[in-house]
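Structure at a glance
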Amino acid sequence: MELAVAHAGACAGSATSGRGGEVCWCAGISRGLFRWGLFASVRRRQRTSDSDKSRCTPSRSRVQVQAEWHGYTVHKMSGVAERTAGRYRLVPTQACLSCLNCVIVFNAMSTFSTLRALHSLIGDALDEIEQVYQKRAGQDGPLDFPSLDKPYYKNGPAKSEETIAEKLTTEPQVVEATNRAVAACGQLAASLQRPFFQLIDGINSDHVASCIMFLEESHTVEILRAAGDKGMHVRDIARAIDDVRKIDETGAETLDPAKLSHILRLLATYHWLREVKPDVFANNRLSAQVDSGKTPEQLKEAPQKKHDDTDGVPALVAMSADDFLKAFGFLSDQLLPTRERAVTLHSLMGGDGKDKPIQAYKTPFNLAFRTELGYFDWLELPENKTRLTEFGRAMTGARGWEVSENIVNAFPWKDLADNSVIIDVGGGVGSTSMVLAKAYPNLRFVVEDRPHVVEIAPTVWGDSHQSLLDSGRVSFKAQSFFDPQPPKIEVPGVGAIAAPSVYLIRGCTHNWPDADVVKMLRHLRNAAEPTTQLLIVDMLLPLACVDDTEVDEPIPGAVRSLAPEGSPLLANLGKASANGYLLDLSMMSQLNAKERTLWEISALAREAGWKVTGTTRAAGSLWAYTSAKPI
Ligand SMILES: C[S@@+](CC[C@H](N)C(=O)[O-])C[C@H]1O[C@@H](n2cnc3c(N)ncnc32)[C@H](O)[C@@H]1O
């Protein structure tokens, strides 16, 4: 990070720089650039004369800075550098001297100033979040932030104050401040902890995933829910798990409480549970996420119904921590098939001449499950009946990734003429169309998807949506996005149209490799009229550095960084955005697909005949609404 430059003023004291030349050190911690505690070296551009040198006072000096840092230009900061404890702190003022003898080179923030800047970011974010909660009075004063120690069960019963406090966590201001704090915490931990221990954490993070899977599979969360705040001794938890699993009928081995305690303690260490007393564990706010709302008795009676009538999150856990985890373990074996370990692993698994070579498997999923079928076709195998059902529920759980209502304001729907038609391509059961149809009663929606999806789609909506279906304002049509759109589409209440006002395609491009995305977008382009707009809704992954990508034409809404200007945070907010990059690699591992950057999706759109005209994001979200028009 070589930052910057132009210093006017007498040198504020000197020392010898590692790169030669004389330097003096300044640390600014007041406003703008200096808010982040930037340390700078001031290097003499040229040695003039001894009399110039004598103007450099060792204790105090005026400086003017025009600096560029992380790509942001900060114009002409003026200040006085004051010496404290052997360092110079820059205090901005309006006045400056201009000897022009020195060049300030911001080598980088000193590590301590970076750490302190991260610490300040966390404090500032907490202030902001607290202000939001302070404004919402509860019965006993301002609302408190939800406690990590306290489970909040989505299916109640909960005090209304707890529900409001949980809901406030999705307010845009809270989401954004939370992201900054989480990003800073992640960066602080990565900076401070000995790298070896960060490494051990990283390479063993599958242990945590497996333990979360165990938590779900063993019904421990439901058992601990029944036990309440005081928790349950690990011996009793083990027996309760055996009971729910009906081991007296199946003859399976009893669960070893000693092993169980170690699994639960790892989870408690990662804040997934609480160890309230030695070997006594209780749920907390994180483990409550995995709760199905069923009692241990219900689970014993009908384990196959565990995921019925839930928000889908327990099913998402079952799918991710099982299928995805197993597949992802084969990432290096599939990408580097000739490495020694991959070859020996293949032969150990019975692949030595008995089945296809590793190269035949297109994805880590294919290799892990020894199938050449695509993930969705594989899910439809008779032996995967449970997986297929869980996949459907997991997709409901995956809605937590985005507030679906964000789409209501993310596109100028209100500018569309009455009875404009929106085709929701790969629209599933119509979740997005229903939200939009309720918000914009003058628009009409045709949801296209695979035949078996559109067949069941109208049956999944209850009374509150019936009028939208009865009036035909939302209708369904079997249509593959890999086939050309028909020349005419019959829209209830409108008649036959050649093309809609908008093709909306949400959550679909990330499921497919580039060539398939081009194919699906080209079919839409071929059917579009010059006025037809395309709205692609999917995550757009920022780069992990400031995005200086050179483009012929800038795209409105493209951002160089998600981090606050001048802060030391990673440009993509690191830990706070990690969920998007994890999903990206799940797509790669299971489907040979990916989440994309703005530049990747706009290049694919262009290849298919669309020009991206702009993109917007909901506050604090990686989900983006990218619009395009026919070229
Ligand atoms: C991740 S879901 C997104 C659903 C919906 N757009 C939403 O945002 O909730 C992907 C959708 O693509 C559909 N799909 C898969 N292959 C398809 C095809 N060839 N033609 C049309 N839809 C397809 C799936 O059935 C599924 O509904």
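To be clear, the structure that these remarks concern was listed above.
Notes on the structure in this doc start here.

What counts, and at which threshold
- Residues numbered from 1 in each chain as written.
- Predicted model: local features only at pLDDT ≥ 70, side-chain atom pairs only at ≥ 80, totals over all residues.
- Heavy atoms only, no water.
- Pairing = 2+ DSSP bridges.
- Helix = DSSP H or I, 4+ residues; strand = E, 2+ residues; numbered from the N terminus.
- Axes fitted to C-alpha atoms, helices over the stretch in contact; angles between N-to-C directions.
- Buried < 20%, exposed > 50% of the residue type's maximum accessible area, 1.4 Å probe, protein only.
- Expected span 1.5 Å × (residues − 1).
- Contact = heavy atoms within 4.5 Å.
- Parallel < 35°, antiparallel > 145°, perpendicular 65-115°, else oblique.
- Left-handed = near helix turned anticlockwise from the far one by under 90°.
- Nonpolar A, V, L, I, M, F, W, Y, C, P; charged D, E, K, R; others polar.
- Patch = residues over 30% accessible without salt bridge, like charges linked within 9 Å, V, L, I, M, F, W, Y side chains within 5 Å.
- Areas by Shrake-Rupley, 256 points an atom, 1.4 Å probe, with all protein chains shown as cover.
- Salt bridge = Lys/Arg side-chain N within 4 Å of Asp/Glu carboxyl O.
- Near = heavy atom within 4 Å.
- Polar contact = N/O pair within 3.5 Å; in protein donor to acceptor, adjacent residues only side chain to side chain.
- Core = buried A, V, L, I, M, F, W, Y, C linked by side-chain atoms within 4.5 Å.
- Domains from an automatic or database assignment.

1. A closer look at the sheet that holds strand E16 (residues 474-478)
Overall, mixed pairing links the seven strands, which are arranged E16-E15-E14-E19-E20-E22-E21 in an open sheet. Two strands in the sheet have a free side with no partner beyond their single neighbour: E16 and strand E21 (610-617). Going across the sheet, the axis of each strand differs from the next one's by a mean of 20°, ignoring polarity. Across five bridges, strand E14 (residues 421-425) lies against strand E15 (residues 444-449) in parallel orientation. By the bridge assignment, valine 425 is partnered in E15 with glutamate 448.

2. Topic: unusual backbone geometry
Of note, lysine 246 is a non-glycine position whose phi angle comes to about 55°, a positive value. Here lysine 246 lies in the loop between helix H8 (234-244) and helix H9 (247-250). Of note in the backbone geometry, asparagine 592 takes a positive phi value of approximately 60° without being a glycine. For asparagine 592, the position within the fold is in the loop between helix H22 (574-591) and helix H23 (598-607). A residue is classified by how much of its surface remains accessible, and asparagine 592, at 39% relative accessible area, is partly exposed.

3. Focus: helix H4 (residues 172-192)
For H4, spanning 21 residues, the distance from its first C-alpha to its last is 30 Å, which sits close to the expected 30 Å at 1.5 Å a residue. Buried within H4 we find Val174, Val175, Ala177, Asn179, Arg180, Ala181, Ala183, Ala184, Gln187 and Leu188. Those residues of H4 that are buried lie in contact with helix H2 (111-134), helix H3 (160-168) and H22.

4. Topic: the packing of H2 against H4
Here H2 crosses H4 at 155°, and the two axes come no closer than 8 Å. In this view, H2 runs roughly antiparallel relative to H4, as classed from their interaxial angle. Where H2 crosses over H4, the handedness of that crossing is left-handed. Contacts between H2 and H4 involve Leu115, Leu118, Leu121, Ile122, Ala125, Glu128, Ile129, Val132 and Tyr133 from the first element and Gln173, Val174, Ala177, Thr178, Arg180, Ala181, Ala184, Cys185, Gln187, Leu188, Ser191 and Leu192 from the second. Of the residues belonging to the contact of H2 with H4, the class tally is 15 nonpolar, four polar and two charged.

5. As for the sheet that holds strand E12 (residues 274-277)
Read from one edge to the other, the open sheet built from three strands follows the order E11-E13-E12, with strand pairing classed as antiparallel. Two strands in the sheet have a free side with no partner beyond their single neighbour: strand E11 (232-233) and E12. The sheet contact formed by E11 and strand E13 (residues 280-282) spans two bridges and is antiparallel. Across the sheet, residue histidine 233 finds its bridge partner in E13, namely valine 280. The strands that helix H10 (residues 257-269) touches are E12 and E13; relative to E13, the one it contacts most, it runs at about 50°.

6. As for a nonpolar patch on the surface
Together, Phe196, Phe197, Leu199, Ile200 and Ile203 make up an exposed nonpolar region whose accessible area comes to about 470 Å². When you line up the elements, leucine 199 lands in helix H5 (residues 195-203). Here leucine 199 falls in the partly exposed class, since its relative accessible area comes to 48%.

7. Some details on the site of the ligand
Around the ligand there are 16 residues in total, and Gly426, Asp449, Phe481, Arg506 and Gly507 lie nearest to it. Contact distances for the ligand include 2.6 Å between an oxygen atom and a side-chain N or O atom of aspartate 449. Between an oxygen atom of the ligand and a side-chain N or O atom of arginine 506, the distance comes to 2.5 Å. Burial of the ligand by the protein chains amounts to 81% of its free accessible area of 590 Å².

8. A word on the nonpolar core
With 53 residues, the main nonpolar core has Tyr375, Trp413, Ile422, Leu436, Val474, Phe476 and Leu535 as its most contacted residues. Broken down by element, the residue count for this core peaks at five residues, all from helix H12 (residues 313-328). There are two domains that each give this core at least three residues, and those are domain 4 (322-398) and domain 5 (402-630). Other than its neighbours up to four places away in sequence, valine 474 contacts Ser433, Met434, Ala437, Phe445, Val447, Leu468 and Leu469. Membership of the second largest hydrophobic core comes to 32 residues, among which are Ile423, Val425, Phe481 and Ile505.

Interpretation note: all reported values are geometric properties and have no functional meaning in isolation.
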